Amino acid sequence: MTITEDRPAQSPENEIGSARKRKEDRRLITGRTKWTDNMQMAGMLHLCMVRSPFAHAKITAINVDAAKEATGVITVLTGEDIKDVQGGLPTAWAITTDQKSPNHPSMAVDRVAFTGEIVAVVAARSAREARDAAELVDVDYEQLPAALDLKEAAADTVLAHPDLGTNKAAFWQFDSGNAGTGSSIDDAITEARANGIVIEREYRQQRLIPAFMEPRSVVVDPTGEQLTVWTSTQVPHIVRFFLAVVLGISESKIRVIAPDVGGGFGGKLQITPEEIITVLLAQRTGKPCKWTETRSESLLSGHHGRDQWQNLTLTATKEGKVTGLKVDLLADMGAYAGTVGTGVPVLGAFMFNAIYKFPAYQFNCTPVYTNKTWVDAYRGAGRPEATFGIERIMDELAAEMGVDPMEIRKQNWITHEEFPFTTVVGLEYDSGNYEAATARAMEMFDYDGLRAEQKQRRESKDPVQLGIGISTFTEMCGLAPSRVLGSLNYGAGGWEHASIRMLPTGKVEVVTGSSSHGQGHETAWSQIAADKLGVAFEDVEVLHGDTQISHKGMDTYGSRSLVVGGEAVVKAADKVIERAKPIAAHLLEASADDLEFAGGKWSVKGTDKGISLGELALASFAAHNLPDGTEPGLDADATFDPTSFSYPHGTHLCAVEVDTETGAIKMRKYVAVDDIGNIVNPLIAHGQIHGGLMQGISQALFEEAVYDDQGTLVSGSFVDYTLPTAADVISFDIDNTVSPSTTNSLGAKGVGEAGTIASTPAVVNAVVDAVRHLGINDVRMPCTPQRVFTAIQTAGQHQQEETAPAAMPHFDESEGNTQ
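Residues numbered from 1 in each chain as written. Predicted model: local features only at pLDDT ≥ 70, side-chain atom pairs only at ≥ 80, totals over all residues. Heavy atoms only, no water.

**Thoughts on the overall build of the protein**
Here comes step 1: Scanning the protein from N- to C-terminus turns up 22 helices and 31 strands.
Here comes step 2: In terms of its C-alpha atoms, the protein occupies a principal-axis envelope of roughly 105 × 75 × 50 Å.
Here comes step 3: A sequence separation of at least 24 residues applies to 79% of the contacts in the protein between residues at least 6 apart.
Here comes step 4: Total accessible area computed for the protein in this model is approximately 30,900 Å², and 49% of it derives from carbon and sulfur atoms.
Here comes step 5: If the 70 positive side-chain charges of the protein are averaged to one point and the 108 negative ones to another, these points end up 3 Å apart. (Helix = DSSP H or I, 4+ residues; strand = E, 2+ residues; numbered from the N terminus. Contact = heavy atoms within 4.5 Å. Areas by Shrake-Rupley, 256 points an atom, 1.4 Å probe, with all protein chains shown as cover. Lys, Arg positive; Asp, Glu negative; His and termini not counted. Charge placed at Lys NZ, Arg CZ, Asp CG, Glu CD.)

**A few points about helix 17 (residues 521–533)**
Here comes step 1: Compared with the 18 Å implied by 1.5 Å per residue over 13 residues, the 17 Å span of helix 17 between its first and last C-alpha is a close match.
Here comes step 2: Helix 17 sits mainly inside the fold: eleven of its 13 residues count as buried.
Here comes step 3: Among the residues of helix 17, those classed as buried are His521, Glu522, Thr523, Ala524, Trp525, Ser526, Gln527, Ile528, Ala529, Ala530 and Leu533.
Here comes step 4: In the segment just after helix 17, Gly534 is the residue with positive phi, at about 70 degrees. (Expected span 1.5 Å × (residues − 1). Buried < 20%, exposed > 50% of the residue type's maximum accessible area, 1.4 Å probe, protein only.)

**Regarding the packing of aromatic side chains**
Here comes step 1: Taken as a whole and judged by the stated rule, the model has 18 aromatic pairs.
Here comes step 2: Where Phe174 meets Tyr361, the ring centres are 6.1 Å apart and the plane angle is 40 degrees; that geometry is what we call tilted. Of the two residues, Phe174 is situated in strand 8 (residues 172–175) and Tyr361 in strand 16 (residues 361–369); the sequence distance between them amounts to 187 residues.
Here comes step 3: You can call Phe174 buried: its relative accessible area is 11%.
Here comes step 4: For Tyr361, a relative accessible area of 0% puts it in the buried group. (Phe/Tyr/Trp six-rings, centres within 6.5 Å; stacked < 30°, edge-to-face > 60°.)

**Looking at the sheet that holds strand 9 (residues 197–208)**
Here comes step 1: Across the sheet, which stays open at both edges, the five strands sit in the order 8-16-15-14-9 with mixed pairing between neighbours. The open sheet has two edge strands, strand 8 and strand 9, and neither has a second partner. Taken over all neighbouring pairs, the strand axes of this sheet differ in orientation by 10 degrees on average, direction set aside.
Here comes step 2: Sheet analysis places strand 15 (residues 322–334) next to strand 16, joined by nine bridges and oriented parallel. Bridging from a neighbouring strand, Lys326 pairs with Gln362 of strand 16.
Here comes step 3: This element, helix 12 (residues 383–401), spans strand 9, strand 14 (305–316) and strand 15 of the sheet and lies at about 145 degrees to strand 9. (Pairing = 2+ DSSP bridges. Axes fitted to C-alpha atoms, helices over the stretch in contact; angles between N-to-C directions.)

**Notes on helix 4 (residues 127–134)**
Think of an α-helix as turning once every 3.6 residues; residues three or four places apart then point the same way.
Here comes step 1: For helix 4, every residue scored as buried is listed here: Glu129, Ala130, Ala133 and Ala134. Down the axis of helix 4, the smallest arc covering the buried residues is 135 degrees, so these residues share one side.
Here comes step 2: Buried residues belonging to helix 4 abut strand 2 (45–51), helix 2 (65–68), strand 4 (73–78) and strand 6 (118–124). (Arc of directions from axis to C-beta.)

If you want it as structure tokens, here you go:
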């Protein structure tokens, strides 16, 4: 990765803006951390789940006798054994009041709804003994017809849950004409058909799997006064809440700890069947219990992401000014609704209009159940899907008009003078400068030079063609505010909590409700607190991920940590400073109005008299000489609930070379210029962008979860579910422009998902651009060499058919039949 930085470095005394190395990395890279699976406890039992090999079937009998007699086995439980206590996994976001949501048991009782659903659990003295005994559980199934194809499922051809009577969970619509935020989409389409341009395209968002580095794991200790749960999760506070709700345990009797967590990408943002089952086993046996998934279990039964069909209709004037956008979307939910599964496409609804000034917009979404692993939030959650659709069809508009795709974007985007700007969906973008980010990206990319090279290759009929892809994106992130989420029927708030403890020695503890799983909170929060309080970076300790220590929080997802959680730290620091002010005035024998705070010290204006925050912390602790009525201590709490989302944006440019004789794709250059507002730590921010780029590029070129016609996941290992290595991609050129957010005092915007959101359409646009002159306007993801080659061959055959005499039969060698 190449990081270019053309702005002057901030002065060393400012922690915010400094590229500090992450303080948490030392323990991570030296192996001194403790993952959940590293937990060892006396007498601990190990669990192995028995899973269904069928996508849809009745359970007619389960025989566990042989498993119970196996070496080391303590107990074996089936769904029948726990049906009265297991409850159902919750759905936190029903997008309509009449949404149909099937009961989601942690363990199936009489019917399985997807391959990999749990039907029994073995508890043994070792993991090996549990696995061996699980092989002895004998389950009889009666296979049922399975709903596997999304479009067929939407037609209710086969029902995934016959008791629901339909596969359609709900229908959700946004219409700008009805909402009063824009004009009628029907009028826009009618006008464009008569006097303008109408572009209609269908795009496929393939099913993906969150391939986090650390497999999911949970350890439960039932032996103390509290039930203590260690789990590899993004959301310890939410897990605690749902354990209480689902199992009827007093929330005060549950402690959830997320130790170091090795990635999540949304794949660890819900309560899981395995967490419920492990708690139930621990309660039944009275012993600590551990479950850790294998990688194949993770791919099979951890929730999946994306999986949509998108039908887009874009209207424009003959001059290329967009006039309307209609989106009809089918979203595969898999077998169950998930924690926020049906809400994910709704998030995308607010981003299809992107950075463009559409006067009319309609979004229609139907979430559909199938007999596959359930789908929930995956990095970006609705925003990548929306960005892909709009950025692809903007390229199609440019192709229809015969103009450069960058020019069509410039013609239609919101200019920097127009901020704040209220979009066609009613959101107010507070700040941005698309022109600046694009100009910088084009300069770094050598856009004109590469276009000239592309022209030369076209003219020379070079078998290796150059394609240039563009993605000018924005996103809504910092999942909040609570009132907006409530209006969308979301089941929780969007606030975040922080506490700052001023210790008598002058050291600082920051307690945050956001829970890090690789984002660098311990470093960034230390920088914020150090800057605000005027203490040394090394003197700040950040505590998180333990509901006993951080009793209040909404956890980490949706690029919310800095813009919501970081701002809570700022507000807590401000309260600490204000709490210290009357004590400082008393000890300095001055009026509080005559004091000023800077560099960690309250001073009397115009004099050299002052007292440091550390000295005040000790004085407050001793409480020997405090103003009357003042309580000892400087500690402070703060909860921040934003008034709006934050809206990072950027311009990503990709160049690829496509061998038209083989379909092989080679990335040539990738430039990303992101505006993420003010940056607390450039090293961490660029690392987030770098990782996001890899995931977005991987969707474009490599990843896809594939089921066969029986509902078996055939991409169930990393042999078949392909992920890129460093050898498969190139170095990226990254830079930033800055338009500070106005929704938080840091001026920050989210960054965790930006690379993932922007990169996928940039890469696919580049691939299509390389072969568009051959008559190709789409290549379905992942754009493998086989798919590119097939698209080239199919386009060539169509061209031959169009030029062949009508009476001449055409032999299609790829299909082996005469047409």
